[in-house]
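Take a look at the letters that make up each chain.
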Amino acid sequence: MTRRLSVAIAFLTALAAIGGLLGFQGGGSSPPAAIAAAEGAAPAPTPPQTATAWTAPDQEAAKLRAKELVPFVEAVMEECDLCRQMRLRETGLGIKEITHSYFLLDSPIIRKTEDLYGPVRFKHSKHAAQLKDCALCHHRRPLDAQAKETTRCSACHQEAFRPDHPERLGLKAAFHQQCTGCHQEMNKGPTDCLGCHRKNVPDHKELVKLPEKPQPTEVTEECLRCHKAAGEDMLKTAHWLWKGPSPYTLNRSKHVTHGKATTAVNNF
Ligand code: HEC
Ligand code: HEC
Ligand code: HEC
Ligand code: HEC
Ligand code: HEC
């Protein structure tokens, strides 16, 4: 392996660590955000490496909630959409009832047949605050008077084509229609697959095999065992080749015209 390739991957390793990939799956910041964080003087968090590593309590709770199976609701209260909207407004149901600011949608009902992606991160509070109408999404409630107005979708929408309830969409279709449908209608929010879905990245704690106290180059070599193409791509980037200015920074506030391959000289 060439030394340049090694250094390139060491850089990727650092980015991945900042992105929280190693030990903090499913909700780390996306690569562009990680890069932004690295550029904007914020101190890079040390990646958790041991079994007792720090975990994000909200994230752990969201993961557990995603796995919950709720009992199927047979009987649904019949009311028109507008009646429901008015009724909910009168009950004063609002933001204060929101207990979880975000959800990781990753239902075992869907997973049983399909698992192409990682969990979908849904910012519940942000949506509720912006849309100001709980009934837009919580469109039906169980007939049972004790049940919550905001019963989870998965209580009514489960497997597709249930013979006992052919009128109900399966859970995946219910999400796709409601989520993407509204985004299309309002022309806001993602409608492309990767706008909602993240790649299903396997848990690297199991994949990465390293000695007790690895040398930096050993880490790099280990990553390259599986990520050869990413390592080669890195060597062609303007960043690696010190070929500033980059099209990503031109005319931005952090616009830099100097690059080591152009005007600047130092002893790096
Ligand atoms: C507005 C957000 C949104 C968009 C856009 C979207 N999906 Fe989904 N998708 C979801 C949600 C939410 C689920 C349910 C996740 C769960 O509970 O498992 C889902 C589930 C799935 C699943 C089953 C779960 C899995 O991991 O395999 C597949 C497959 C899927 N979507 C494919 C697609 C494809 C292909 C596109 C683009 C054509 C797309 N989705 C666009 C939100 C979205
Ligand atoms: C953009 C759609 C949307 C809006 C608007 C919205 N929610 Fe939700 N809400 C959801 C989704 C999706 C879930 C997760 C459902 C699941 O896991 O099956 C949820 C879950 C909940 C839960 C948790 C239910 C449980 O049993 O764990 C509560 C409580 C809740 N919402 C309250 C509200 C309130 C109150 C409002 C209005 C202020 C509101 N929501 C607005 C989509 C929405
Ligand atoms: C109490 C049961 C119940 C809950 C909870 C529920 N639904 Fe439904 N949903 C239904 C029924 C019944 C239908 C069939 C047609 C109808 O009544 O509108 C339906 C239909 C739909 C449809 C088809 C289009 C439409 O509006 O009729 C979508 C999309 C949908 N639901 C999405 C969701 C999502 C997303 C959630 C969670 C935020 C949710 N549903 C929660 C019972 C429920
Ligand atoms: C009734 C309309 C509506 C529904 C239903 C809805 N969204 Fe959105 N969503 C929006 C709007 C409006 C925005 C734009 C917010 C912004 O950019 O300020 C948005 C933005 C987003 C974004 C990108 C920005 C962010 O806040 O993360 C994602 C991802 C997203 N929605 C996922 C979902 C998923 C998943 C569902 C279904 C569980 C859903 N949305 C249901 C209206 C909706
Ligand atoms: C045993 C094989 C293996 C090893 C070793 C490995 N990975 Fe991965 N990695 C994968 C697979 C498989 C994926 C998911 C498919 C993909 O995105 O290429 C992945 C995905 C990733 C992604 C997400 C890529 C994306 O496009 O979202 C990053 C970042 C990553 N790995 C970094 C690393 C780093 C850093 C190391 C070394 C510490 C490493 N990997 C070691 C197999 C491996």
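Residues numbered from 1 in each chain as written. Chains lettered and ligands numbered in written order. Predicted model: local features only at pLDDT ≥ 70, side-chain atom pairs only at ≥ 80, totals over all residues.

Undergrad: Honestly, the overall build of the protein chain in this entry has me stumped. Any pointers?
TA: Within the protein chain one finds 12 helices and two strands. Starting at the N terminus and ending at the C terminus, the protein chain contains elements arranged as α-α-α-α-β-α-β-α-α-α-α-α-α-α. Counting only contacts in the protein chain whose residues sit at least 6 apart along the sequence, the fraction spanning at least 24 positions is 57%. (Helix = DSSP H or I, 4+ residues; strand = E, 2+ residues; numbered from the N terminus. Contact = placed C-beta atoms within 7 Å.)

Undergrad: I would appreciate a short explanation of the environment of Leu69 in the present structure.
TA: Among the structural elements, Leu69 can be located in the loop between helix 3 (57–67) and helix 4 (81–91). Since 11 C-beta atoms lie within 10 Å of it, Leu69 is described here as exposed. The spatial distance from the C-alpha of Leu69 to the C-alpha of Ala155 is 8.2 Å, given a sequence separation of 86 residues. (Buried ≥ 20, exposed ≤ 12 C-beta atoms within 10 Å, placed from the backbone.)

Undergrad: Is there a simple way to think about unusual backbone geometry in this case?
TA: If a residue is not glycine, its phi is most likely negative; likewise, a peptide bond is most likely trans. Here Phe161, not a glycine, exhibits a phi torsion of approximately 55 degrees, which is positive. Take Phe161: it is sitting in the loop between helix 7 (153–156) and helix 8 (171–186). In this model, Asn187 sits at a positive phi of 55 degrees, which is unusual for a non-glycine residue. The topology assignment puts Asn187 in the loop between helix 8 and helix 9 (193–196).

Undergrad: Looking at this structure, how should I read the site of ligand 3?
TA: Neighbouring residues of ligand 3: 20 residues in total, closest Arg140, Cys153, Cys156, Ala174 and Gln177. Of all the secondary-structure elements, those providing two or more residues to the shell around ligand 3 are helix 7 and helix 8. Grouping the constituent residues of the shell around ligand 3 by class yields 10 nonpolar, six polar and four charged. (Near = placed C-beta within 6 Å. Nonpolar A, V, L, I, M, F, W, Y, C, P; charged D, E, K, R; others polar.)

Undergrad: What is the right way to look at the environment of His183 in this model?
TA: In this structure, His183 sits in helix 8. Judged by C-beta crowding, with 16 C-beta atoms within 10 Å, His183 ranks as partly exposed. Setting aside residues no more than four positions away along its own chain, His183 makes contact with Lys188, Gly189, Pro190 and Thr191.

Undergrad: I'm lost on the nonpolar core in this one. Help?
TA: It is characteristic of soluble globular proteins that their nonpolar side chains tend to be buried jointly. Formed by Ala62, Val73, Leu104, Leu105, Cys153, Cys156, Leu171 and Phe175, the largest nonpolar core amounts to eight residues. Setting aside its immediate chain neighbours within four residues, Cys156 contacts Val73, Val76, Arg140 and Arg168. (Core = buried A, V, L, I, M, F, W, Y, C linked by C-beta atoms within 7 Å.)

Undergrad: Hey, could you run me through the environment of Arg140 in this one?
TA: Within the secondary structure, Arg140 is located in the loop between helix 6 (124–131) and helix 7. For the pair Arg140 and Met77, spaced 63 residues apart in sequence, the C-alpha separation works out to 7.0 Å.

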